[in-house]
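Residue-level structure breakdown
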Amino acid sequence: MGEKKRIELDYSKIESDRMRLNVGPQHPSTHGVLRLEVELDGEIVTEVVPHIGYLHRCFEKHAEKMTYPQVIPYIDRMDYVTSMNNELPYVMAVEKMLGIKVPEKVEYIRVIMCELNRIASHQIAVATFGLDAGAFTPFLYFFRDREYILAIFEKASGARLLFNYFWIGGLSADVHPTFKEDVLAIVKQVRKTNKEIEDLLIYNKIFIERTANVGILPADVAINYACSGPVLRGSGVKFDLRKNEPYSIYDRFDFDIPVGMGEVGTVGDSWDRNIVRMREMEQSCRIIEQAVAQMPDEGDVQEKLPKRIKPPKGDIYMRAENPKGDLGFYIVSNGTDKPERVKARGTSFVNLSVLPEISKGYMFADLILILGSIDIVLGEVDR
Amino acid sequence: MTINEIYEQLKEDYGDSIIELVENPPLDSSIIIKSSAVFEVCHTLRDKPGFEFDYLLCLSGLDLGENLAAVYHLYSMKHAHKAVIKTIVPKDNPKVPSVEKIWRSADWHEREAYDLIGIIFENHHNLIRILCPYDWEGHPLRKDYKEPEYYHQMKVPY
Amino acid sequence: MGLLNKLNEPYEAGGIILGTFEDILNWGRARSDWYLHFGLACCAIEFMAMNASHFDFMRFGTIPRATPRQADFIMITGTVTLKMAERIKKLWEQMAEPKYCISVGSCANCGGPYWEHGYHVLKGVDRIIPVHVYVPGCPPRPEAFQDGMIKLQKMIKEEAIFRKRKKLEEDSKIELSA
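Residues numbered from 1 in each chain as written. Chains lettered and ligands numbered in written order. Predicted model: local features only at pLDDT ≥ 70, side-chain atom pairs only at ≥ 80, totals over all residues. Heavy atoms only, no water.

Another aspect to go through is the overall build of chain A. Per the secondary structure count, chain A includes 15 helices and eight strands. Expected size for 383 residues packed as a compact globule is a radius of gyration near 21 Å; at 21 Å, chain A falls within 12% of this value. The principal-axis extent of the C-alpha atoms belonging to chain A is close to 70 × 45 × 35 Å. Counting all 383 residues of chain A, 65% fall into the buried class. In chain A, the proportion of contacts linking residues at least 24 apart, taken out of those at least 6 apart, comes to 73%. By element, 52% of the accessible surface of chain A is carried by carbon and sulfur atoms, the whole surface being about 12,500 Å². A distance of 4 Å separates the average location of the 49 positive side-chain charges in chain A from that of its 56 negative side-chain charges. (Helix = DSSP H or I, 4+ residues; strand = E, 2+ residues; numbered from the N terminus. Rg over C-alpha atoms; globule rule 2.2 N^0.38 Å. Buried < 20%, exposed > 50% of the residue type's maximum accessible area, 1.4 Å probe, protein only. Contact = heavy atoms within 4.5 Å. Areas by Shrake-Rupley, 256 points an atom, 1.4 Å probe, with all protein chains shown as cover. Lys, Arg positive; Asp, Glu negative; His and termini not counted. Charge placed at Lys NZ, Arg CZ, Asp CG, Glu CD.)

What follows is about the packing of helix H4 (residues 104-133) of chain A against helix H6 (residues 179-202) of chain A. All names here are of chain A. With their axes 12 Å apart at the nearest point, H4 and H6 run at an angle of 25° to one another. Here H4 is positioned roughly parallel relative to H6, judged by the angle of their axes. In the packing of H4 onto H6, the handedness of the crossing is left-handed. Each of Ile112, Met113, Leu116, Ile119, Gln123, Val126 and Gly130 in H4 lies in contact with H6, whose residues at this interface are Phe179, Val183, Ile186, Val190 and Leu201. (Axes fitted to C-alpha atoms, helices over the stretch in contact; angles between N-to-C directions. Parallel < 35°, antiparallel > 145°, perpendicular 65-115°, else oblique. Left-handed = near helix turned anticlockwise from the far one by under 90°.)

Below, the discussion takes up the side chain of Thr62(C). Residues and elements named next belong to chain C. Relative to the elements of secondary structure, Thr62 occurs in the loop between helix H3 (42-51) and strand E2 (63-65). Judged by its relative accessible area of 1%, Thr62 falls in the buried class. Within the structure, the side chain of Thr62 is placed 3.2 Å from the backbone oxygen of Phe57, a separation counted as a polar contact. In this view, Thr62 contacts Asp33, Tyr35, Phe57, Phe73 and Met149; residues no more than four positions away in its chain are not counted. (Polar contact = N/O pair within 3.5 Å; in protein donor to acceptor, adjacent residues only side chain to side chain.)

Moving on, we come to the interface of chain B and chain A. Taken together, the contact between chain B and chain A spans 38 residues of the former and 41 residues of the latter. Between chain B and chain A lies a buried interface of about 3,500 Å² when both sides are counted; carbon and sulfur atoms form 57% of it. On the surface where chain B and chain A come into contact, there are 19 residue pairs in polar contact (both at pLDDT 80 or more). For the side of chain B that touches chain A, the element with the highest residue contribution is strand E3 (residues 55-63) of chain B, accounting for nine residues. Looking at the side of chain B that touches chain A, its residues break down into 23 nonpolar, six polar and nine charged. (Buried area = accessible area lost by both parts, 1.4 Å probe. Nonpolar A, V, L, I, M, F, W, Y, C, P; charged D, E, K, R; others polar.)

Attention now moves to the sheet that holds strand E4 (residues 100-104) of chain C. All names here are of chain C. Read from one edge to the other, the open sheet built from five strands follows the order E2-E1-E3-E4-E5, with strand pairing classed as parallel. The outermost strands of the open sheet, each flanked by one partner alone, are E2 and strand E5 (133-135). Neighbour-to-neighbour, the strand axes of the sheet open up by a mean angle of 30°, direction not taken into account. In this structure, strand E1 (residues 34-36) lies alongside strand E3 (residues 73-77), joined through two bridges in parallel fashion. Note that in E3 the partner of Tyr35 across the bridge is Phe73. (Pairing = 2+ DSSP bridges.)

Of all hydrophobic cores here, the largest spans 216 residues; its most connected members are Met113(A), Tyr72(B) and Ile76(C). Broken down by element, the residue count for this core peaks at 14 residues, all from H4(A). Aside from chain neighbours lying at most four places away, what touches Met113(A) is Met84(A), Ile152(A), Phe153(A), Ala156(A), Tyr165(A), Phe166(A), Val175(A) and Phe179(A). Formed by 19 residues, the second largest nonpolar core is a distinct cluster that contains Tyr35(C), Met50(C), Met75(C) and Met149(C). (Core = buried A, V, L, I, M, F, W, Y, C linked by side-chain atoms within 4.5 Å.)

Evaluation of the coordinates by the stated rule reveals 26 aromatic pairs over all chains. Each ring, one from Tyr165(A) and one from Phe166(A), has its centre 6.0 Å from the other, and the planes form 45°; the classification is tilted. Across from the ring centre of Tyr54(A), 5.0 Å away, lies the NZ or CZ of Lys83(C), which sits over that ring. The cationic tip of Lys99(C) hangs over the ring face of Trp92(C); the distance from NZ or CZ to the ring centre is 4.8 Å. (Phe/Tyr/Trp six-rings, centres within 6.5 Å; stacked < 30°, edge-to-face > 60°. Lys NZ or Arg CZ within 6 Å of the ring centre and 35° of its normal.)

A few words now on the packing of helix H3 (residues 83-98) of chain A against H4(A). Residues and elements named next belong to chain A. Running from amino to carboxyl end, H3 crosses H4 at an angle of 145°, the nearest separation of the two axes being 8 Å. From H3, Ser83, Met84, Asn85, Leu88, Val91 and Glu95 reach across to H4, where they touch Arg110, Met113, Cys114, Asn117 and Arg118. Split by residue class, the contact of H3 with H4 holds five nonpolar, three polar and three charged.

Our next topic: helix H2 (residues 68-76) of chain A. Within H2(A), the full set of buried residues consists of Tyr68(A), Val71(A), Ile72(A), Tyr74(A), Ile75(A) and Asp76(A). Contacts from the buried residues of H2(A) go to helix H1 (59-65), H3, strand E4 (166-167), strand E7 (326-333) and strand E8 (339-345) of chain A.

Here the structure, examined in full by the defined rule, presents zero disulfides over all chains. The structure places no disulfide on Cys227(A), whose sulfur is separated from the nearest cysteine sulfur, that of Cys58(B), by 15 Å. Given a relative accessible area of 0%, Cys227(A) falls into the buried group. For Cys42(B), which is in no disulfide, the shortest distance to another cysteine sulfur is to Cys58(B) and amounts to 14 Å. The buried category is assigned to Cys42(B), whose relative accessible area is 0%. (Disulfide = S-S within 2.5 Å.)

Turning our eyes to something else, we now look at empty space enclosed by the protein. As enumerated under the stated definition, the model contains five cavities of 30 Å³ or more in all. Its boundaries defined by the atoms lining it, the largest cavity holds a volume of some 50 Å³. What lines the largest cavity is a set of 13 residues, among which Arg57(A), Cys42(C), Cys43(C), Cys107(C) and Cys138(C) lie closest to the centre. Elements with a minimum of two residues in the lining of the largest cavity: H3 and helix H5 (105-110) of chain C. A per-class count over the lining of the largest cavity returns seven nonpolar, four polar and two charged. (1 Å grid on protein atoms, 1.4 Å probe; cavity = no way out; pocket = protein on both sides within 12 Å on 5 of 7 lines; lining within 4 Å. Points joined across faces, edges and corners; volume = space filled by probe spheres on them.)

Residue and element names in this part refer to chain A. Pairing is antiparallel across the open sheet formed by three strands, whose spatial order is E1-E2-E3. Sheet topology places strand E1 (19-23) and strand E3 (44-51) at the edges, where each strand pairs with a single neighbour. Strand-to-strand twist across the sheet, computed as the mean angle between neighbouring axes with direction ignored, equals 20°.

Geometry only, nothing functional implied.
Structural data, given as structure tokens:
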């Protein structure tokens, strides 16, 4: 395996001119509208300053002006790739404030939808990471499969991307009659494609050469920067909220937490972060299979709620495991039907803040890969 | 460790700087501390055996009308316990010591709280706006904020 | 415009296709539009899906370009914020004439769900650059993207390009003298 090390130059001995380069906000490799101010010494990155806020859509202001159910569509638009997962911590928080318990069937549908969306999100993550490394084919393979998942979401909620499906106390609509068969067919398809992608991309020599030993994030740095999700697990920390603090009904399922092990390079490199996503898809498939087997057929999908949802005074912090990591909502209620304050702890926002730390000393082309391996969505960074 | 135990231990160590424990079951309980003691308390919370809050979940700014508040949600990877620390500062002098040297993740959270709420974090190495443009005026999430009519000759309201 | 119909029997009139030069030029222009790759928000994900195998955007003859100087039209896919607006204006000014703009999604059309309290959202990209085709939806389905593309092609085909060019020249003269 090619040894690619972080290049550390001793500037007391070398005289060199630095160049400041602007990347973005209109750049195909910044995964949206991120702007990076990069200081380069030749081709080696010496400093990275991210400038964010190019998609600041005032989510928190809107949340203060809307009633509790009306906030949900805005939450969809935060991390627009994983809308189902975004809605879950918010509705769980409001349900906990109101002290209601949702029907059993709802819990199962929520878990299945979340895991399907996790697969869809990881597919985009790996596909765009492949694009960053110069592989176009996995993009086409993954987007073909993603369309099948979106078809299920569309049948259930009516929308392809932003669903507004999880409501406080239940779901907006029941699933269609052939839901279970459709989901199992997808699980089969996902496994098949993942096998192909592993041969095509993940264990491809070129891909390994490009990504192994690049952007190494040690575990203690990851924790200090409060990284979460595949970024934290890629550094070898076995931490997953679904296992460590089971919410919803995740304690009923049997699944593993994949962590980065440094198979082809060092623990916590870009390849590790990527393989964690690949393996999580398999674990999601396992959860879906178990959930489909246990899911009750009959039952209501909406708990009875008062007409105006008025949670009692107080504040609550609820978090859940998003595909990108740990998404939290800090909700302050003042006893009326509108929240006093909703602060979203954007997963990508926190994960992105580690980029300047881990990209110093690598080649400029590697910076794009490191950014791709963090898997950010700017809608959540800027909110 | 429960929040009550954390509160009592902190009270022992810091006395008057720890104001009170607000309990509100089933919702979150929070420890309210004086703003001047934020850095020392947070440092203790991270390093003292037994606490070891090595993970800053979230740092939020709040507008309470006359006062502003900074809220710290802490988590310990080792002991899997949580704590909520709150500090309240007056609106005309909203200064809170920065904790970015304790948890690096606080860096951007503090910049965001400064940008949107207007809390000034002292000793922060680079306290500039993060979400709004650098020449934006006002702090949008304050309750008395009025959105501007024009920004760089672009009409803002609908 | 009937150009293709004549191709069915090319030898009937001695292999000659009759048409105005403008028609032929427009036919070519409408079918090889290069666009500025510019994803902003949620709609960009639908746009990625649009580019992938199911919907295959490239069959319209479009190729994504990363620089405005090679692009014929720009697709504004997503929410335009005030911080971003000046960059979009700059990109638009860098594009070569004739240029077109497709505004995709409610946010780019009119501010979408952020129209009321969005202090940092530009309520409609048409406040800073001219828009030729609006695609509604939040986000629009890929079919809507296709519809918008077909509308743009139709517009280009019916355009009097030479008159437009003359007008542009006159306009620039007026600007220069003023």
